[in-house]
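Below are the chains, spelled out letter by letter.
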Amino acid sequence: MRWPPVQAANGTQSWYRVSAPPSHAHIALLGSARADICVVGGGFTGLSAALHLAEKGAKVALIEVGTVGSGASGRNGGQIHTGLRQRQKALERWLGKEHARALWDLAQESKALVRDLAARHGIDCALKDGLVIAAHHRRALRPLAEDTEHLRRHYNYGQAEMIDAAGTARCLGTSVYPGGRLDKGGGHLHPLAFARGLARAGEAAGVRFHEHTRAVRIEQNERCVRVQCESGAIDAGQVILACDALSGDVAPQLAPFIAHVESFIVATEPLASPLYDTILPLDAAVADTRHVLDYYRKSEDRRLLFGGRESYWTPPADIAAMVRPRMESVYPFLKGARIEFAWSGTVGITATRMPHFGRIGSRVLFAHGYSGQGVALANLGGKLLAEAALGAPERFDVFARVPAKVFPGNAWLRKPLVTAGLAWFKLLDYF
Ligand SMILES: Cc1cc2nc3c(=O)[nH]c(=O)nc-3n(C[C@H](O)[C@H](O)[C@H](O)COP(=O)(O)OP(=O)(O)OC[C@H]3O[C@@H](n4cnc5c(N)ncnc54)[C@H](O)[C@@H]3O)c2cc1C
């Protein structure tokens, strides 16, 4: 595998951007164009939708305001989670057992899909198995254990097991946790390498990409739908809206359903042995049970990538200074280790913490709001959007049938109210 040594960047940019294989440049849309289906957004959702559509023979144009993977999909923790943000038991109570089971099956499929896409298209993205959910406090152990047992008993999920404090310390190389869950069905990958690999596969299947192209609005009539961009327009039979946190900018009717928070990640300098071998000896990824969680894993070039903290307004000028105390509280022996990269990304969240799928009129399909758990689910979301666009909406509708809730407040009040709500959850982490 490659992964060449990368140039340190004084803690101001994403390690992913300097370590991912380069992507092809795609010219911006200029003037008018036509497609069977226009996909708006070049993250996992849009890339997967475009690829699956093109593989079925559709003429697809994908527009992206930045570059492929420049949104959350190329900036995230790379962690592949099992299930959904809501526990299965809660979903059963809320939606009934049958619906909860169908959602679980699709979530399971999402992990397999990522592994299959990487294998089928030869995407070199450092894909690895293993995810530990670490209990941040003793009181978090019981619900985690109950959930693990519930999945084993009712969903026949045998890849996750509870581990005690000593077992967790062995897996993680730190003794700060009272226990956790080792999930061999979870895993991690280099998200930008994966996004760019999906784009290459899409190109090979015939998708036409336009980067640096902002969609400003969508206009529908009986005959077609137009995506009006700053630099031109695309007329299509259908549109797939895959802008996650920003979908409300293109389709204002979606704005009450999606909020966004900034999350932060740092990458240390490459760590020498024995330090490197002490941290995460199993090479699993870790997420803890906090609402504002710590999440981390090792990189192929021997760094620790550590994510955590959140902000709801302007990101701080010094991200490294904000994240470092969290990292050092987990690994005190990293005090003084150099942080060479630091970056932020926007997480699209819903009021229910469930992805929000649906339709606007008869020609627009959308999927967004994976609420911090989109590495696997957004790729599946794209596949289900493609199925629905091609006339098989049944599996898409398993998600679309989950009742969506709006965030309280109007355009002005929504952000402060959401901030207050999220700050409340943050407070709960201390009790
Ligand atoms: C810092 C961070 C850490 C995370 N960690 C994890 C993790 O470890 N595991 C996990 O499962 N999930 C994680 N997530 C969540 C996950 O990254 C997302 O759920 C997922 O990437 C969403 O994919 P998407 O394609 O729907 O959205 P995005 O990747 O955001 O893609 C949307 C794209 O639309 C483009 N766009 C927006 N508006 C327009 C417009 N008007 N015109 C044209 N293009 C437009 C954007 O530029 C963007 O590229 C994390 C997110 C962040 C930010």
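Residues numbered from 1 in each chain as written. Predicted model: local features only at pLDDT ≥ 70, side-chain atom pairs only at ≥ 80, totals over all residues. Heavy atoms only, no water.

Caption draft 1: The overall build of the chain, seen in detail. For the chain, the helix and strand inventory stands at 13 helices and 17 strands. In terms of overall size, the chain behaves like a compact globule, its C-alpha atoms giving a radius of gyration of 21 Å where 431 residues would be expected to give roughly 22 Å. Across its three principal axes, the chain shows a C-alpha extent of roughly 65 × 50 × 45 Å. Burial analysis of the chain (431 residues in total) assigns 58% to the buried set. Sequence separation of 24 or more characterises 74% of the internal contacts of the chain that already satisfy a separation of 6 or more. When the accessible surface of the chain is totalled, it reaches about 17900 Å², and 55% of it is carbon and sulfur. In the chain, the 51 positive side-chain charges and the 40 negative ones have mean positions that sit 3 Å from each other. (Helix = DSSP H or I, 4+ residues; strand = E, 2+ residues; numbered from the N terminus. Rg over C-alpha atoms; globule rule 2.2 N^0.38 Å. Buried < 20%, exposed > 50% of the residue type's maximum accessible area, 1.4 Å probe, protein only. Contact = heavy atoms within 4.5 Å. Areas by Shrake-Rupley, 256 points an atom, 1.4 Å probe, with all protein chains shown as cover. Lys, Arg positive; Asp, Glu negative; His and termini not counted. Charge placed at Lys NZ, Arg CZ, Asp CG, Glu CD.)

Caption draft 2: Examining the side chain of His136 more closely. Within the secondary structure, His136 sits in the loop between strand E4 (128-134) and helix H5 (141-155). A distance of 2.8 Å separates the side chain of His136 from the side chain of Thr289, its partner in a polar contact. (Polar contact = N/O pair within 3.5 Å; in protein donor to acceptor, adjacent residues only side chain to side chain.)

Caption draft 3: Quick peek at the pairing of strand E15 (residues 339-349). For E15, the buried fraction is high: nine of the 11 residues fall into the buried class. Relative to E15, strand E11 (residues 259-268) is paired through 10 bridges, and the arrangement is antiparallel. Following the sheet pairing, Glu262 is matched in E15 by Thr346. (Pairing = 2+ DSSP bridges.)

Caption draft 4: Focus on the site of the ligand. Near the ligand lie 36 residues; those nearest to it are Thr45, Glu64, Ser73, Gln79 and Val375. Taking Asn76, its side chain carries an N or O atom lying 3.0 Å from an oxygen atom of the ligand. At 3.0 Å from a nitrogen atom of the ligand is found a main-chain nitrogen or oxygen belonging to Gly372. The set of elements that each furnish at least two residues to the shell around the ligand consists of helix H2 (44-55), E15 and helix H11 (374-389). Residue classes in the shell around the ligand are distributed as 15 nonpolar, 17 polar and four charged. (Near = heavy atom within 4 Å. Nonpolar A, V, L, I, M, F, W, Y, C, P; charged D, E, K, R; others polar.)

Caption draft 5: Summary view of the layout of surface pockets. Reported here for the second largest pocket is a volume of approximately 330 Å³. Around the second largest pocket, the lining is made up of 15 residues, and of these Ala255, Ile258, His260, Arg414 and Lys415 lie nearest the centre. Counting only elements with at least two residues in the lining of the second largest pocket, the list comes to helix H8 (247-250), E11 and helix H13 (414-428). With five residues, the top contributor of residues to the lining of the second largest pocket is H13. Its residues assigned to classes, the lining of the second largest pocket shows nine nonpolar, three polar and three charged. (1 Å grid on protein atoms, 1.4 Å probe; cavity = no way out; pocket = protein on both sides within 12 Å on 5 of 7 lines; lining within 4 Å. Points joined across faces, edges and corners; volume = space filled by probe spheres on them.)

Caption draft 6: Local environment of the environment of Phe209. Structurally, the position occupied by Phe209 is in strand E7 (residues 208-210). C-alpha of Phe209 to C-alpha of Thr148: the two residues are 61 residues apart in sequence and 42 Å apart in space. Once residues within four sequence positions are removed from consideration, Phe209 is found in contact with His26, Ile27, Leu47, Leu62, Val68, Ala199, Gly202 and Glu203.

Caption draft 7: Quick peek at the pattern of salt bridges. Under the definition given, this model contains 27 salt bridges. With a closest N to O distance of 3.6 Å, Glu269 and Arg338 form a salt bridge. Of the two residues, Glu269 sits in the loop between E11 and helix H9 (275-278) while Arg338 sits in the loop between helix H10 (319-330) and E15, which places them 69 residues apart along the sequence. The closest approach of N and O atoms between Arg359 and Asp397, which form a salt bridge, is 2.9 Å. Taken together, the residues Arg359 in strand E16 (residues 356-360) and Asp397 in helix H12 (residues 394-400) connect sequence positions 38 residues apart. Classification of Arg359 by relative accessible area gives partly exposed; the value is 42%. (Salt bridge = Lys/Arg side-chain N within 4 Å of Asp/Glu carboxyl O.)

Caption draft 8: Representation of the pairing of strand E13 (residues 295-298) in the model. By the alternation rule, side chains of E13 split into Tyr295 and Arg297 and Tyr296 and Lys298, which are all buried. Here strand E12 (residues 285-288) pairs with E13 via two bridges, running antiparallel. Directly across from Ala287, in E13, lies its bridge partner Tyr295. With antiparallel pairing between neighbouring strands as the criterion, E12 and E13 make up a hairpin whose turn holds six residues. Connecting the antiparallel pair E13 and strand E14 (residues 304-311) is a turn made up of five residues, with Arg302 showing a positive phi of about 70 degrees.

Caption draft 9: Region of interest: the packing of aromatic side chains. Scanning all chains against the criterion turns up 11 aromatic pairs. Centre to centre, the rings of Trp104 and Tyr157 are 5.4 Å apart; their planes meet at 80 degrees, and the pair counts as edge-to-face. Of this pair, Trp104 sits in helix H4 (residues 97-120) while Tyr157 is found in the loop between H5 and strand E5 (160-164), placing the two residues 53 residues apart along the sequence. The exposure classification of Trp104 matches that of Tyr157, with both residues buried. Among the aromatic residues, those joined into a ring-pair cluster are Tyr296, Phe306, Tyr331 and Phe333. Here the guanidinium or amino end of Lys298 rests over the ring plane of Tyr276, the centre of that ring lying 3.9 Å away. Looking at Arg302, its charged tip hangs above the ring of Tyr276, at a distance of 4.2 Å from the centre. (Phe/Tyr/Trp six-rings, centres within 6.5 Å; stacked < 30°, edge-to-face > 60°. Lys NZ or Arg CZ within 6 Å of the ring centre and 35° of its normal.)

Caption draft 10: Examining the packing of H4 against H5 more closely. At a minimum axis separation of 13 Å, H4 and H5 run at an interaxial angle of 100 degrees. Taken together, the axes of H4 and H5 lie roughly perpendicular to each other. Judged by residue contacts, Ala100, Arg101 and Trp104 of H4 engage Leu151, His154 and Tyr155 from H5. (Axes fitted to C-alpha atoms, helices over the stretch in contact; angles between N-to-C directions. Parallel < 35°, antiparallel > 145°, perpendicular 65-115°, else oblique.)

Caption draft 11: Up close: H11. Burial within H11 is extensive, with 15 of its 16 residues counted as buried. Positive backbone phi, at 95 degrees, marks Gly391, one or two positions downstream of H11.

Caption draft 12: Structural view of empty space enclosed by the protein. By the definition in use, this model includes five cavities of 30 Å³ or more. Of the pockets and cavities examined, the largest cavity occupies roughly 60 Å³. Taken together, 13 residues make up the lining of the largest cavity; nearest its centre are Thr352, Met354, His356, Ala404 and Lys405.

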